[in-house]
Amino acid sequence: MTTAKFSEILDGYEFCALADLMDTQAFVSLERGTVHIVSGDLELDQELPEDIETGPYLALPGKRELDLGWDLAMEFSEKYLQNDAETVRGFFRRRGAYARFKEFLECRGQLAAWFEFERSPTESRLRQWCADHGIDLV
């Protein structure tokens, strides 16, 4: 079983979620439990292990894989933006939905509430993903 720091797993996940449009992915070493970010678009100050492409690494999941996409945004909208739920639904019918969604939330003064709402399901589903893949968290 691999042991990894949850804070590093979460940081890697969140970095990739923020860099959503870029060719960026985070991997956890199944031998060392370390997290490494690989990006074709960004210059990172992190030195990657030589075996990153061939060694025992597992790619961290994205929002879709953790089921943190459309359903979660709609749940938030129906709870906090009842009058705007149809507008939010429209965002998710096209590419770039999260950017438009977050801009909309900022205009409505709800961006901080969204991040707070999103945090708990993100952390619990990421923890479950680690457990499902034999990663013991510290």
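Our structure's up above, just so we're on the same page.
Everything in this summary refers to the structure shown in the same document. (Residues numbered from 1 in each chain as written. Predicted model: local features only at pLDDT ≥ 70, side-chain atom pairs only at ≥ 80, totals over all residues. Heavy atoms only, no water.)

Things to note about the pattern of salt bridges
Now for step 1: This structure, assessed with the given rule, holds eight salt bridges.
Now for step 2: A salt bridge links Glu31 to Arg32, with the nearest nitrogen and oxygen atoms 3.8 Å apart.
Now for step 3: For Arg32, a relative accessible area of 43% corresponds to the partly exposed category.
Now for step 4: When the shortest N-O distance is used, the salt bridge between Asp84 and Arg108 registers 3.0 Å. Of this pair, Asp84 sits in the loop between helix H2 (70-80) and helix H3 (85-91) while Arg108 sits in the loop between helix H4 (97-107) and helix H5 (111-132), placing them 24 residues apart in sequence.
Now for step 5: Residue classification places Arg108 among the partly exposed residues on the basis of a relative accessible area of 42%.
Now for step 6: The network of salt bridges with common partners includes Glu78, Glu86, Arg89 and Arg93. (Salt bridge = Lys/Arg side-chain N within 4 Å of Asp/Glu carboxyl O. Buried < 20%, exposed > 50% of the residue type's maximum accessible area, 1.4 Å probe, protein only. Helix = DSSP H or I, 4+ residues; strand = E, 2+ residues; numbered from the N terminus.)

Section: the pairing of strand S3 (residues 35-39)
Now for step 1: Of all five residues in S3, four are buried; the element is thus mostly enclosed.
Now for step 2: Where strand S2 (residues 24-29) and S3 come together, five bridges link them in antiparallel fashion. Its bridge partner being in S3, Phe27 is matched across the sheet by His36. (Pairing = 2+ DSSP bridges.)

Quick look at helix H1 (residues 6-18)
Now for step 1: Its 13 residues place the ends of H1 18 Å apart at the C-alpha level, agreeing with the 18 Å of an ideal helix rising 1.5 Å per residue.
Now for step 2: Within H1, the full set of buried residues consists of Phe6, Ile9, Leu10, Gly12, Tyr13 and Cys16. All buried residues of H1 fall inside an arc of 160° around its axis, so they share one side.
Now for step 3: Those residues of H1 that are buried lie in contact with strand S1 (2-4), S2, S3, H5 and strand S5 (135-137). (Expected span 1.5 Å × (residues − 1). Arc of directions from axis to C-beta. Contact = heavy atoms within 4.5 Å.)

Let's talk about the nonpolar core
Now for step 1: Membership of the largest hydrophobic core comes to 33 residues, with the highest contact counts inside it found for Ile9, Phe92, Phe101 and Trp114.
Now for step 2: When contributions to this core are tallied by element, the ones reaching two or more residues are H1, S2, S3, H2, H3, H4 and H5.
Now for step 3: Those residues in contact with Phe101 that sit more than four places away from it in its chain are Ala73, Phe76, Ser77, Val88, Phe91, Phe92 and Trp114. (Core = buried A, V, L, I, M, F, W, Y, C linked by side-chain atoms within 4.5 Å.)

Observations regarding the state of the cysteines
Now for step 1: Taken as a whole and assessed by the stated rule, the structure comprises zero disulfides.
Now for step 2: In this model Cys16 remains outside any disulfide bridge; the closest cysteine sulfur is found in Cys130, 14 Å from its own.
Now for step 3: Since its relative accessible area comes to 15%, Cys16 is described here as buried. (Disulfide = S-S within 2.5 Å.)

Structural notes on the pairing of S2
Now for step 1: Taking burial as the measure, the six residues of S2 include five buried ones, the bulk of the element.
Now for step 2: In textbook terms, the turn of a hairpin is the stretch between consecutive antiparallel strands, and for S2 and S3 this stretch comprises five residues, one of which, Gly33, has a positive phi near 75°.
Now for step 3: Two elements, S2 and strand S4 (residues 57-59), share three bridges in a ladder whose sense is antiparallel. Following the sheet pairing, Phe27 is matched in S4 by Ala59.

Digging into the packing of H1 against H5
Now for step 1: It is at 11 Å that the axes of H1 and H5 come closest, and there the two elements cross at 115°. With respect to their mutual orientation, H1 and H5 come out roughly perpendicular. Crossing geometry of H1 relative to H5 is assigned as right-handed. On H5, the residues touching Phe6, Ile9, Leu10 and Tyr13 of H1 are Thr122, Glu123, Leu126, Arg127 and Cys130.
Now for step 2: Considered class by class, the residues forming the contact of H1 with H5 number six nonpolar, one polar and two charged. (Axes fitted to C-alpha atoms, helices over the stretch in contact; angles between N-to-C directions. Parallel < 35°, antiparallel > 145°, perpendicular 65-115°, else oblique. Left-handed = near helix turned anticlockwise from the far one by under 90°. Nonpolar A, V, L, I, M, F, W, Y, C, P; charged D, E, K, R; others polar.)

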